[in-house]
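Read off the chains here:
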Amino acid sequence: MTQSYEERSAAKTRRQQEDQRRMAFRRAIEDRFEQRQLLAEISEFPDAVEFNYWQATPAASRRSAQPGR
C-alpha cells in the first residue's frame, strides 16, 4: 500500500527531529571530550583531572546545536 502525502511528510519530519537530537547529543559528547582534554593539558596533574562545572564554558556560546542551513 502507498502512504498518503501527510504520512510521508510526518515520517520525514520525525526523522529530521531524531537526526537533530542525535547530532545535539553527539556535539555534547564531543564538547565534553574537548573540555576534558583542555583541562588535562593545563592541569598540573593531568591524571587527576576531574571535570569542574564552574570551569566549563557553555557549549551554546561556542556552537549551536542546530544544524546549519
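What counts and how
- Residues numbered from 1 in each chain as written.
- Predicted model: local features only at pLDDT ≥ 70, side-chain atom pairs only at ≥ 80, totals over all residues.
- Heavy atoms only, no water.
- Helix = DSSP H or I, 4+ residues; strand = E, 2+ residues; numbered from the N terminus.
- Buried < 20%, exposed > 50% of the residue type's maximum accessible area, 1.4 Å probe, protein only.
- Contact = heavy atoms within 4.5 Å.
- Salt bridge = Lys/Arg side-chain N within 4 Å of Asp/Glu carboxyl O.
- Expected span 1.5 Å × (residues − 1).

Quick look at the overall build of the chain
Okay, so step 1: Across its full length, the chain holds two helices and zero strands.
Okay, so step 2: Buried residues in the chain amount to 9% of all 69 residues.
Okay, so step 3: Counting only contacts in the chain whose residues sit at least 6 apart along the sequence, the fraction spanning at least 24 positions is 53%.

Regarding the pattern of salt bridges
Okay, so step 1: A complete count under the given rule lists two salt bridges for this structure.
Okay, so step 2: With its nearest N and O atoms 3.3 Å apart, the salt bridge here joins R26 to E30. With a gap of four residues between them, R26 and E30 both fall in helix α1 (residues 5–42), about one helical turn apart.

Quick notes on α1
Okay, so step 1: Compared with the 56 Å implied by 1.5 Å per residue over 38 residues, the 55 Å span of α1 between its first and last C-alpha is a close match.
Okay, so step 2: Three or more residues of α1 are buried, namely A11, R27, D31, Q35 and L39.

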